[in-house]
Amino acid sequence: MRKTRKSKLKGQKQILLVGLFVFVTLMTIGYAAFNTNITLHVKGNIKEMPNCEMGGIKVNTVTDGDGLYKDIYEEERCVYRGQDPDNYIMFNDELWRIIAKETDGTYKIIRNDVLAKRAFDNQNRTASSTYCTHASGCGVYAAVDGEFSSPSGSQKGTVTEDSSIKIYLNDDYYVNDINETAKEQMTLHSFNIGAVEELNQSGSQADSIEKNIAGEKMYQWTGNVGLANVSDILRASTNPLCTSATVSCNGTNECNSNYLLDKGEASTLYYWTINAYSRESGGYSRNAWDAVRDSGVVGIGYYNAYHDDYDAPRPVVFLKSDTTLLGIGTSEDPFTIVQ
C-alpha cells in the first residue's frame, strides 16, 4: 500500500528529530571531551611548587634565588640556600640560622656568629693513634671504633681520642653557655665526621658534592654540639660553579651567594668544619676543612688543626622533630620556638 503524503511528512519529521537528538548528543560529548582536554592541559602546565613544613609552618620551596630548596642530594630533606634566605631563628637568646630540615624531621641549626678563635686540636696523638701521626694535632673531630680511613684508603688507622674542639664544645660551651630552655629544645644527634678528600682527577673521576657527602658519612659521632659539614657549605651556595670541595678550595669564589659564607659586619670570616681533610697521597691527618671569606676568596679551605690564629668554632646543634615555630624567618622577625 502506498504511503500518503501526510505519512511521508510524519516519517521525515521523526527522522529529523532523531538526527537532531544524535547531533546534539555528539556535540555535548565532543564539547565535554574538548573541555576536559583543555582542563587537563591547563592543569598539566601549572607549576605547583612543593612545600616543606618548618615547625608547623608550610614554606614553599624555590628553584632559584634565596630560599628553601628540596635537597637534590638527599630525598625528603629541605635545605636553605642563597645569600640571605629567611632562615633566622632565635635559639639560646641569640640569632642562629636553620641549615636544613633533616630526613628524620629534626632541624639542623648553626650559630649566626662565630665564637672566639680556637685550635681544632692541639693534642699530641702519636702515642695513642695510628691515624693521627702528627705531634701537633689531628683533624678528626671525635674518637671512632675500629679504624678511621680516608675515602680512598690512602691513610687509615685508629683515632682513640676526641679533638680539643669537640671537648670544648660539649664539656664547656654546652654546659656553661647554652641555657636550660635551649637544652630542652635540642636533641642528641649523629654528626657525619668522615674525611673529605681533595681530588686531582678530571672527567668521571673528578670530585663532586656526592663524593664529599659519601666521605662525610663514612663515620658518625653522636652528641650535643658539633660543627657544619663541608657539604652544608657547598649546598648553601646558589652558584652553579660550586660543585665540590676540590673546586672550592682552589682560592677563588665559586661558592659565593652563600649565607654560610656571609661575613656580615666582620672584615673576614674563618671557621672550622667538622670534617677531616685528606688527599689520595695521604699524610695530611693534622688538617681539617674550614670555611673562608677573605680578600676575594669565598669557599672552603683547609688548615692545620693546631693553629688558633684564624679559625673559630661555629656551633651546630639539632632541634627536636616536634619543634613548633612562629615568625617568618627574617632577621627582623626570626623564627621563634614555641615553648
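Residues numbered from 1 in each chain as written. Predicted model: local features only at pLDDT ≥ 70, side-chain atom pairs only at ≥ 80, totals over all residues. Heavy atoms only, no water.

S.K.: Break down a negative patch on the surface for me, citing the residues and quoting the values.
M.R.: Together, Asp66, Asp86, Glu332 and Asp333 give the surface a local cluster of negative charge. Here Asp86 lies in the loop between strand S4 (78-81) and strand S5 (88-91). (Patch = residues over 30% accessible without salt bridge, like charges linked within 9 Å, V, L, I, M, F, W, Y side chains within 5 Å. Areas by Shrake-Rupley, 256 points an atom, 1.4 Å probe, with all protein chains shown as cover. Salt bridge = Lys/Arg side-chain N within 4 Å of Asp/Glu carboxyl O. Lys, Arg positive; Asp, Glu negative; His and termini not counted. Charge placed at Lys NZ, Arg CZ, Asp CG, Glu CD. Helix = DSSP H or I, 4+ residues; strand = E, 2+ residues; numbered from the N terminus.)

S.K.: Can you lay out the nonpolar core for me, pointing to particular residues and giving the numbers?
M.R.: Formed by 77 residues in total, the largest nonpolar core has its most connected members in Ile89, Phe91, Tyr141, Phe148, Leu169 and Ile193. The element contributing the most residues to this core is strand S13 (residues 269-279), with six residues. Discounting residues that sit within four places of it in the chain, Leu169 has contacts with Leu115, Tyr141, Tyr174, Val225, Gly226, Leu227, Pro313 and Pro315. (Core = buried A, V, L, I, M, F, W, Y, C linked by side-chain atoms within 4.5 Å. Buried < 20%, exposed > 50% of the residue type's maximum accessible area, 1.4 Å probe, protein only. Contact = heavy atoms within 4.5 Å.)

S.K.: Tell me about the state of the cysteines, and please be specific about residues and values.
M.R.: This structure, assessed with the given rule, holds three disulfides. In this model, Cys132 is linked to Cys138 through a disulfide, with the two sulfur atoms separated by 2.0 Å. As the torsion about the S-S bond is roughly -40°, the Cys132-Cys138 disulfide counts as left-handed. An identical accessibility class is assigned to Cys132 and Cys138; each is buried. Between the sulfur of Cys242 and that of Cys255 lies a disulfide, 2.0 Å long from S to S. Residues Cys242 and Cys255 share a disulfide whose torsion about the S-S bond is about 90°; that sign makes it right-handed. Of the two residues, Cys242 sits in the loop between helix H5 (230-236) and helix H6 (245-248) while Cys255 sits in the loop between H6 and S13, which places them 13 residues apart along the sequence. (Disulfide = S-S within 2.5 Å.)

S.K.: Kindly report on the side chain of Asn239, identifying the contributing residues and their values.
M.R.: Structurally, Asn239 can be placed in the loop between H5 and H6. Engagement of the side chain of Asn239 in a polar contact is seen with the backbone oxygen of Glu254, the distance being 3.0 Å. Here the side chain of Asn239 touches Asn256 through a polar contact of 2.9 Å, side chain to side chain. Setting aside its immediate chain neighbours within four residues, Asn239 contacts Asn253, Glu254, Asn256 and Ser257. (Polar contact = N/O pair within 3.5 Å; in protein donor to acceptor, adjacent residues only side chain to side chain.)

Scope: geometric values only; no functional claims are made or implied.
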